[in-house]
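Descriptive structure summary
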Amino acid sequence: MALVDRFLAPDSSFQKNFFFLAKRFVAGETTDSAIEAVRALNAQGMSATLDFLGEDVLERDAALKTRDAYIAMLDAIRASGVNTNVSVKLTAMGLLVDEDFALENLVRILEHAQRNSDPFVRIDMEGSVVTEKTLRVFERAYATHKNVGIVLQAYLKRTAGDVERAIELGARVRLCKGAYNEPPEIAYKEMPEIRAHYAALAEQLLTRGNYPGIATHDRELIGTIKEIAKTHNVGNDRFEFQMLYGCRPQLQRDLVAEGYRMRIYVPFGTHWAGYFYRRVLERRENAVFALSSLFRK
Ligand SMILES: Cc1cc2nc3c(=O)[nH]c(=O)nc-3n(C[C@H](O)[C@H](O)[C@H](O)COP(=O)(O)OP(=O)(O)OC[C@H]3O[C@@H](n4cnc5c(N)ncnc54)[C@H](O)[C@@H]3O)c2cc1C
């Protein structure tokens, strides 16, 4: 087994013993620790979306366990009174096992979430192998449960069409650049091109969409988004910025101080290696942050 595979295996000793490396980006291994992290964000004027880490599940039992963890998490959110909704990956719900099975699990979560003060459930977007399936399950769920929304990735060439479809449906979209290594046939690879597409898609969502989530830490892009909103008279209550837990916390606070809405994506759980690995690939500085935690108390 390659070193990276050993590192990514959820039950590896690496994941058991080296959580301190991921601490900056992952809000602990338990629901209690995640709720405490949300409480601290709420105190700073930010809302959150909680993600129970895990993906690419190949067995029904594992998917059912994850679904039940989400149900328990929704109960814990309700009991604690914190301001957060949840984000879910369909491959953790069994999408790679069977599409109908993943839909059933998602619907159970959507129904349970309706008891919460924020009943919204966001479906994260994963690699292009599952883009089409993810969109299909999303649309099937949305037909009966309006408390579900989707993520679209600006680096994919297909996304302008998917944005139009979401606008037509009236569905909520989180727009991000995209975190997976996709081939040039289907994805833009250069940052200026990705930024330009992101801005154009965001303009559509801000002016014609339903409460878009603008997910980026990119100062240049954030400046462009503010300009677009100003030009089209889109009030601060008609969209929200979204950032990842532990990424650019000062920028998160600055935007709140300027009067923008800010939602933080808060991942937690023991299966943190895949998520952490994507953050490190995105920015070498993230590895430095992690390693510097070795020297902090
Ligand atoms: C809330 C949220 C949810 C997401 N959900 C998904 C999803 O469902 N599917 C998916 O594929 N991807 C998702 N992503 C990840 C996303 O696609 C990008 O991979 C990730 O956000 C990096 O792109 P960026 O625009 O934030 O910044 P980058 O493109 O990484 O960086 C742009 C610029 O921002 C600055 N910068 C970025 N990070 C830092 C930092 N830590 N410290 C200092 N400067 C920094 C730098 O100036 C950099 O040049 C999500 C991201 C967010 C914020």
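The preceding data block contains the structure.
The structure contained in this document is the topic of the report that follows.

**So, the overall build of the protein**
For the protein, the helix and strand inventory stands at 13 helices and 8 strands. Evaluated residue by residue, the protein yields a buried proportion of 51% over its 297 residues. For the protein, the proportion of contacts with a sequence separation of at least 24, taken over those separated by at least 6, is 72%. Counting every atom, the protein has about 13,700 Å² of accessible surface; 53% of that belongs to carbon and sulfur.

**Structural notes on the sheet that holds strand β6 (residues 213–215)**
One closed barrel accounts for 8 strands, arranged β1-β2-β3-β4-β5-β6-β7-β8; its pairing is parallel. Here the average twist between neighbouring strands, direction ignored, is 30°. Two elements, strand β5 (residues 173–176) and β6, share 2 bridges in a ladder whose sense is parallel. Paired with Arg174 across the strands is Gly213, a residue of β6. Packing of helix α4 (residues 31–43) onto the sheet brings it into contact with β1 (47–52), β2 (84–88) and β8 (262–268), and relative to β8 it is tilted by some 165°.

**Structural notes on the site of the ligand**
Neighbouring the ligand are 24 residues, the closest being Lys177, Gly178, Thr216, His217 and Glu282. Lys177 is positioned with one of its side-chain polar atoms (N or O) 2.6 Å from an oxygen atom of the ligand. Measuring from a nitrogen atom of the ligand, one finds a side-chain N or O atom of Arg248 at 3.0 Å. Expressed as a share of its isolated accessible area of 950 Å², the protein-covered part of the ligand is 85%. When contributions to the shell around the ligand are tallied by element, the ones reaching two or more residues are β4 (148–153), β5, β7 (240–244) and α12 (273–282). A per-element tally of the shell around the ligand places β7 first, with 3 residues. By residue class, the composition of the shell around the ligand is 10 nonpolar, 6 polar and 8 charged.

**Observations concerning the pairing of β1**
With 5 of 6 residues buried, β1 lies mostly within the body of the structure. Alignment of β1 against β8, held across 6 bridges, turns out to be parallel. Its bridge partner lying in β8, Asp51 is registered against Pro267. Both β1 and β2 contribute to a ladder of 4 bridges, which runs parallel. Counterpart to Thr49 in the pairing with β2 is Asn85.

**As for the packing of helix α9 (residues 191–208) against helix α10 (residues 219–231)**
Taken N-terminus to C-terminus, the directions of α9 and α10 make an angle of 30°; their axes are 10 Å apart at the nearest point. Here α9 is positioned roughly parallel relative to α10, judged by the angle of their axes. As for how α9 packs across α10, the hand of that crossing is right-handed. Along the contact surface, α9 presents Arg195, Tyr198, Ala199, Ala202, Glu203 and Leu206, while α10 presents Glu220, Leu221, Thr224, Ile225 and Ile228. Here the residues of the contact of α9 with α10 are counted per class, giving 7 nonpolar, 1 polar and 3 charged.

**Brief notes about the layout of surface pockets**
Quantified by volume, the second largest pocket comes out at close to 200 Å³. Looking at the second largest pocket, the residues that line it are Lys23, Arg24, Ala37, Ala40, Leu41, Gln44, Met46, Tyr245, Gly246, Pro249, Gln252 and Arg253. Elements represented by at least two residues in the lining of the second largest pocket include exactly α4 and α11 (249–257). Classifying every residue of the lining of the second largest pocket by side-chain character gives 6 nonpolar, 3 polar and 3 charged.

**Things to note about helix α6 (residues 99–113)**
The end-to-end C-alpha distance of α6 is 21 Å, a good match for the 21 Å that 15 residues give at a rise of 1.5 Å each. α6 sits mainly inside the fold: 11 of its 15 residues count as buried. Listing the buried residues of α6 in full gives Glu99, Phe101, Ala102, Leu103, Asn105, Leu106, Val107, Ile109, Leu110, His112 and Ala113. Looking at the buried side of α6, the elements it contacts are α5 (60–80), β2, β3 (121–123), α7 (131–144) and β4.

Conventions we followed
Residues numbered from 1 in each chain as written. Predicted model: local features only at pLDDT ≥ 70, side-chain atom pairs only at ≥ 80, totals over all residues. Heavy atoms only, no water. Helix = DSSP H or I, 4+ residues; strand = E, 2+ residues; numbered from the N terminus. Buried < 20%, exposed > 50% of the residue type's maximum accessible area, 1.4 Å probe, protein only. Contact = heavy atoms within 4.5 Å. Areas by Shrake-Rupley, 256 points an atom, 1.4 Å probe, with all protein chains shown as cover. Pairing = 2+ DSSP bridges. Axes fitted to C-alpha atoms, helices over the stretch in contact; angles between N-to-C directions. Near = heavy atom within 4 Å. Polar contact = N/O pair within 3.5 Å; in protein donor to acceptor, adjacent residues only side chain to side chain. Nonpolar A, V, L, I, M, F, W, Y, C, P; charged D, E, K, R; others polar. Parallel < 35°, antiparallel > 145°, perpendicular 65-115°, else oblique. Left-handed = near helix turned anticlockwise from the far one by under 90°. 1 Å grid on protein atoms, 1.4 Å probe; cavity = no way out; pocket = protein on both sides within 12 Å on 5 of 7 lines; lining within 4 Å. Points joined across faces, edges and corners; volume = space filled by probe spheres on them. Expected span 1.5 Å × (residues − 1).

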